[in-house]
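Structure assessment
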Amino acid sequence: MGAQILIIEDEARMARFLELELSHEGYTVSKASDGRTGLDMALAGGHDLILLDVMLPGLNGLEVLRRLRNEKDVPVLMLTARDAVMDKVSGLDMGANDYITKPFSIEELLARIRAALRTGAPAARRAVPLRCGELVLDPARHTAAYGDTPLQLTYKEFLLLQTLLENRDIVQTRDMLLETVWGYDYAGETNVVDVYIRYLRQKLDDAFGVKIIHTVRGVGYVIKGDGT
Ligand code: CA
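Summarised in this report is the structure supplied together with it. (Residues numbered from 1 in each chain as written. Predicted model: local features only at pLDDT ≥ 70, side-chain atom pairs only at ≥ 80, totals over all residues. Heavy atoms only, no water.)

Of note, Gly147 is situated in the loop between strand 8 (143-146) and strand 9 (149-151). A relative accessible area of 29% means that Gly147 is categorised as partly exposed. Spatially, the C-alpha atoms of Gly147 and Val136 are 7.7 Å apart, while their sequence positions differ by 11 residues. (Helix = DSSP H or I, 4+ residues; strand = E, 2+ residues; numbered from the N terminus. Buried < 20%, exposed > 50% of the residue type's maximum accessible area, 1.4 Å probe, protein only.)

Below, the structure written as structure tokens:
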């Protein structure tokens, strides 16, 4: 069976056209016609790629993407209106793989889909696994393990751990982590970093009886090079 593609698009004719073309190419297609339904379907999982229109009723496409990226790293291809530069920039910042401007040729869309399916989600592009003692994080495969035990991390937990591992021995302030993991324009609770550090510690430090993530009081967090 071909890859599973979710189309989130409110224009019925466009959605139907995409469904026909993609089915014809051997993809298995499901559809949602508003942002909230689309997000629910996307979060439920099982898709290899999501085609996401920006202008949607309910939740717009950028908001769908933002919420989706808190949980999942499925590749996302945005469908944008011509010249909507801000949408493209915001979408890529928020972790879209790529965007395609309407109107587009089906050949171009199929090529973009194949490319996105090949590369996976953008945050996952890193060839070499990160290691620290028993901890191994493989961004290319989006897997993490401590020794032989796999870690079940959400998208943001994974990015946070990846950021700390990529900056070993360099203390990361809350602002730095907020910017790297949540993005410049994050407008939520500022203690979100501490909350996610707590989640990570439950899954890592507490679960394995080790101390990997260190608090630097009044500054931020660090993972030390030797994993102690
Ligand atoms: Ca639309």
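Attention now goes to the pairing of strand 1 (residues 4-8). Along strand 1, 4 of the 5 residues are buried, which leaves the element largely enclosed by surrounding structure. Across 5 bridges, strand 1 lies against strand 2 (residues 28-32) in parallel orientation. Looking across to strand 2, one finds that Ile8 is bridged to Ala32. Handedness of the strand 1-helix 1 (residues 12-24)-strand 2 crossover: right-handed. For strand 1 and strand 3 (residues 49-53), the ladder comprises 4 bridges, and the chain directions are parallel. Of the residues in strand 3, the one forming a bridge with Ile8 is Leu52. (Pairing = 2+ DSSP bridges. Right-handed = clockwise from strand over helix to strand, strands pointing away.)

As enumerated under the stated definition, the model contains 2 aromatic pairs in all. Between Tyr146 and Phe208, the aromatic rings sit 4.6 Å apart at their centres with planes inclined by 35°, giving tilted as the arrangement. Taken together, the residues Tyr146 in strand 8 and Phe208 in helix 8 (residues 192-208) connect sequence positions 62 residues apart. Its relative accessible area of 16% is what places Tyr146 among the buried residues. For Phe208, a relative accessible area of 25% corresponds to the partly exposed category. Above the face of the Tyr155 ring, Arg69 is positioned so that its terminal group lies 5.5 Å from the ring centre. (Phe/Tyr/Trp six-rings, centres within 6.5 Å; stacked < 30°, edge-to-face > 60°. Lys NZ or Arg CZ within 6 Å of the ring centre and 35° of its normal.)

Let us now look at the sheet that holds strand 11 (residues 213-216). Strand order across the open sheet formed by 3 strands is 10-12-11, with antiparallel pairing between neighbours. Each edge of the open sheet carries a strand with a single partner, namely strand 10 (172-173) and strand 11. Along the sheet, helix 6 (residues 155-166) contacts strand 10, strand 11 and strand 12 (220-223); its crossing angle with strand 12, the most-contacted strand, is approximately 70°. (Contact = heavy atoms within 4.5 Å. Axes fitted to C-alpha atoms, helices over the stretch in contact; angles between N-to-C directions.)

We now examine unusual backbone geometry. Following Lys102, the chain continues to Pro103 via a peptide bond in cis, the omega torsion being -5°. Along the chain, Pro103 falls in the loop between strand 5 (98-101) and helix 5 (106-119). The phi torsion at Asp169 lies on the positive side, around 70°, for a residue other than glycine. Along the polypeptide, Asp169 turns up in the loop between helix 6 and strand 10.

Attention shifts here to the side chain of Asn70. Relative to the helices and strands, Asn70 resides in the loop between helix 3 (61-69) and strand 4 (76-80). Since its relative accessible area comes to 19%, Asn70 is described here as buried. Apart from residues lying up to four places away in sequence, Asn70 is in contact with Thr154, Tyr155, Lys156 and Trp182.

What follows deals with the coordination of the calcium ion. Metal coordination angles have textbook ideals: 109.5 degrees for a tetrahedral set of four donors and 90 or 180 degrees for an octahedral set of six. Every protein donor of the calcium ion is accounted for by Asp10 (OD), Glu11 (OE), Asp53 (OD) and Met55 (O), and the metal-donor separations fall at 2.1 to 3.0 Å. When the donors of the calcium ion are listed by position in the chain, the intervening gaps give D-E-x41-D-x1-M. Of this pair, Glu11 sits in the loop between strand 1 and helix 1 while Met55 is found in the loop between strand 3 and helix 3, placing the two residues 44 residues apart along the sequence. Of the residues examined, Glu11 reaches a relative accessible area of 38% and is grouped as partly exposed. (Donors = N, O, S within 2.8 Å, 3.2 Å for Na, K, Ca; no water.)

Our focus in this paragraph is helix 1. Under the 1.5 Å per step criterion, the end-to-end length of helix 1 is 18 Å for 13 residues, consistent within 8% with the ideal 18 Å. Within helix 1, the full set of buried residues consists of Met14, Ala15, Leu18, Glu19 and Leu22. Across the axial projection of helix 1, the buried residues extend over an arc of 135°, all falling on one side. Away from the buried face of helix 1 by more than 90 degrees, exposed residues Ala12, Arg13 and His24 are located. Looking at the buried side of helix 1, the elements it contacts are strand 1, strand 2, strand 3, strand 4 and helix 5. Following helix 1 by one or two positions, Gly26 has its phi on the positive side, about 100°. (Expected span 1.5 Å × (residues − 1). Arc of directions from axis to C-beta.)

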